[in-house]
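# Coordinate analysis (summary)
Okay, here's what each chain looks like letter by letter:
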Amino acid sequence: MYKAFFKLNRNPFELTPDPTCFVPTKRHDEALAALYYGVRRHKGLVVVTGEVGTGKTLLLRCLLRLLEQSKDIAYAYLFNSTLCPTEFLQYTVADFGLPASGKNKCELLTDLSRFLVTRGTHQMTTVLIVDEAHQLSAETLEEIRMLSNLETTTEKLLQIMLVGQPELDEKLDSTDLRQLKQRIALRTQLGPLTAQETLTYIEKRLRIAGADPSSAPLFPAHTVERVHRYSQGLPRLINTICENALITAYARRLFSVTTEIVDEVARDFRLDLPGSRINSEARILNRMDAKRVAGSKGDSYAAGGAPVVSAINLEAL
Ligand SMILES: Nc1ncnc2c1ncn2[C@@H]1O[C@H](COP(=O)(O)OP(=O)(O)OP(=O)(O)O)[C@@H](O)[C@H]1O
Ligand SMILES: [Mg+2]
């Protein structure tokens, strides 16, 4: 709607986690490097946690883009983590392209371990990626621990990436799951962006959407500062605020977003200018948007798009 007015070729603040919009902040880049290194070096279990809307799913989609460049990697991607252990196994086996329907747990496990051993023998990499892993039950996490035991004398046969909200850390810290916790080879966290990162983030997303860097900024520095304070540096909230602010600016035929517009948007979304804590409504909004954009394996991260731009030389890891 406003794209032509602002001379943009796409919406800069889409909520969908699209790898072509990836802004490699230090933390995102380090987390991506940890995931990639974990897969490539067959480290076994890697855990990434982060608050709602900090970019975990986006990170996974960036990882998949990188993995899809290699022919020797097969992955299963699970994003509905409310499955019981047998359903979890069925889904995983089916996602690896093996027949799964009507099979019992024992048959599924046998098929999966044969598949992993065969691939391992041919030096091929097999990855299980679980998004929203904080929703996994203790029983399913225990099943994952069993899968992480599949190994040769030198390395793990299944690389497991568990990605979820901070509740996952709490689960992994529980005494019941201490055996799983001990198997974690790499563990990293995403957090909110700093004020400087928010500025870079907004600028980069506008640039990716085609904004002319030599024109007056759509979001001047003092406006960005206000966005940062309302959003507390959470990327999904930054997107929501900026998208709505652009719509308002367009409606008023303004070529740049003012702090008053940001205040209005924040009022509409019931966001406070906080001292330090994000208010509960902002969290609810963040979570509602998360549900809305929760993706499936078949959507926009499929191979063939623009490469993921990382400041880290991933191949050298
Ligand atoms: N580094 C980044 N570069 C570009 N966009 C980002 C970045 N981090 C987050 N985003 C954007 O923020 C929004 C939320 O990201 P995402 O859905 O990946 O969060 P999440 O951590 O998976 O949230 P949830 O816990 O609710 O599942 C998306 O629009 C995503 O594109
Ligand atoms: Mg997510």
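To start, this report covers the structure provided alongside it. Along each chain, residues carry numbers from 1 onward, in the same order as the chain's sequence is written. Just so you know, chain letters begin at A and ligand numbers begin at 1, following the order they were written in. It should be noted that, the model being predicted, local features are given only for residues of pLDDT at least 70 and side-chain atom pairs only at 80 or more, the latter also being counted only at that level, while totals for whole chains, interfaces and linings use all residues.

## Quick look at the overall build of the protein
Secondary structure elements follow DSSP: runs of H or I of four or more residues count as helices, runs of E of two or more count as strands, with numbering from the N terminus. When helices and strands are tallied, the protein shows 12 helices and five strands. By definition, residues are in contact whenever their C-beta atoms, placed on the basis of the backbone, come within 7 Å of each other. Long-range contacts, defined as pairs at least 24 residues apart, comprise 78% of the intrachain contacts of the protein with a sequence gap of at least 6.

## Describing the nonpolar core
Only buried Ala, Val, Leu, Ile, Met, Phe, Trp, Tyr and Cys residues enter a nonpolar core, and they are joined through C-beta atoms within 7 Å. Three classes are used. A residue is buried when 20 or more other C-beta atoms lie within 10 Å of its own, exposed when 12 or fewer do, and partly exposed in between, with C-beta atoms placed from the backbone. Counting 75 residues, the largest nonpolar core has Leu35, Leu63 and Ile241 as its most contacted members. At eight residues, helix H2 (residues 56–67) tops the list of elements feeding residues into this core. Among the domains, domain 1 (26–192) and domain 2 (195–293) are the pair contributing at least three residues each to this core. Once residues lying within four places of it in the same chain are set aside, the contact partners of leucine 63 are Leu32, Leu35 and Tyr36. Where each domain starts and ends comes from a domain assignment, either automatic or drawn from a database.

## A short note on the sheet that holds strand S1 (residues 45–50)
At least two DSSP bridges between two strands are needed for those strands to be called paired. Taken in spatial order, the five strands of this open sheet run S2-S3-S4-S1-S5, and their pairing is parallel. The open sheet has two edge strands with one neighbour each: strand S2 (73–78) and strand S5 (184–190). Between one strand and the next, the sheet's axes are offset by a mean angle of 15°, whatever the strand orientation. Pairing between strand S3 (residues 125–130) and strand S4 (residues 159–164): four bridges, direction parallel. Bridge pairing links valine 130 to leucine 162 in S4. Note on geometry: axes are lines fitted to C-alpha atoms, helical ones only across the stretch in contact, with angles between N-to-C directions running from 0 to 180 degrees.

## Focus on the environment of arginine 187
Relative to the elements of secondary structure, arginine 187 occurs in strand S5. Residues arginine 187 and leucine 162, 25 residues apart in the sequence, show an inter-C-alpha distance of 9.5 Å.

## Some details on helix H1 (residues 26–40)
Here the expected span of a helix is defined as 1.5 Å times the quantity of residues minus one. With 15 residues, H1 should reach 21 Å at 1.5 Å per residue; the first-to-last C-alpha distance of 21 Å fits that figure. What H1 keeps buried is the set Arg27, His28, Ala31, Leu32, Ala33, Ala34, Leu35, Tyr36, Gly38 and Val39. Looking at the packing, one finds that the buried side of H1 touches S1, H2, S3, S4 and S5. Histidine 42 occupies a position one or two residues after H1 and carries a positive phi of about 50°.

## A look at the pairing of S4
The buried fraction of S4 amounts to six of the six residues, a majority that puts the element mostly inside the structure. Side chains of S4 alternate between two faces, with Gln159, Met161 and Val163 and Ile160, Leu162 and Gly164 buried alike. The pairing of S1 with S4 spans five bridges and is classified as parallel. Paired with valine 46 across the strands is methionine 161, a residue of S4. In this fold, the crossover linking S3 to S4 by way of helix H5 (residues 138–148) has right-handed handedness. The definition of a right-handed crossover adopted here requires that, viewed with the strands pointing away, the path from the first strand over the helix to the second runs clockwise.

## Let's talk about the packing of helix H10 (residues 235–251) against helix H11 (residues 259–268)
Across the interface, H10 lies against H11 with an axial gap of 9 Å and an inter-helix angle of 120°. The angle between H10 and H11 places the two elements in the oblique class. Every pair of crossing elements has a handedness; the one defined by H10 and H11 is right-handed. Contacts from Ile241, Asn244, Ala245, Thr248 and Ala249 of H10 reach H11 at Ile261, Val262, Glu264, Val265 and Ala266. Classes in brief: Ala, Val, Leu, Ile, Met, Phe, Trp, Tyr, Cys and Pro nonpolar; Asp, Glu, Lys and Arg charged; the others, Gly included, polar. Among the residues making up the contact of H10 with H11, the classes are represented as seven nonpolar, two polar and one charged. By definition in this entry, angles of less than 35 degrees are roughly parallel, angles greater than 145 are roughly antiparallel, angles of 65 to 115 are roughly perpendicular, and the rest are oblique. Each helix crossing is assigned a hand: it is left-handed if the near helix lies turned anticlockwise from the far helix by less than a right angle, otherwise right-handed if that turn is clockwise.

## A look at the pairing of S3
Judged by how many residues are buried, S3 sits mostly within the fold: six of six residues are covered. Taking every second residue as pointing to the same face, both faces of S3 are buried, with Thr125, Val127 and Ile129 on one and Thr126, Leu128 and Val130 on the other.

## Considerations on H10
Across its 17 residues, H10 extends 24 Å between first and last C-alpha, which sits within 8% of the 24 Å expected from 1.5 Å per residue. Where H10 terminates, the next one or two residues include arginine 253, which has phi positive at roughly 55°.

## Quick word on the environment of lysine 181
With respect to the helices and strands, the residue lysine 181 is situated in helix H7 (residues 178–182). In the structure, lysine 181 is positioned 12 residues away from aspartate 169 in sequence and 9.4 Å away in space, judged by C-alpha atoms. Each residue touching lysine 181, except ones within four places of it in the same chain, is listed here: Leu172 and Asp173.

## Considering the packing of helix H8 (residues 195–208) against H10
Between H8 and H10, the shortest axis-to-axis distance is 11 Å and the interhelical angle comes to 55°. One finds that H8 runs oblique with respect to H10. The hand of the H8/H10 crossing is right-handed. Residues Thr198, Tyr201 and Ile202 of H8 lie in contact with H10, whose contacting residues are Pro235, Ile238 and Cys242.

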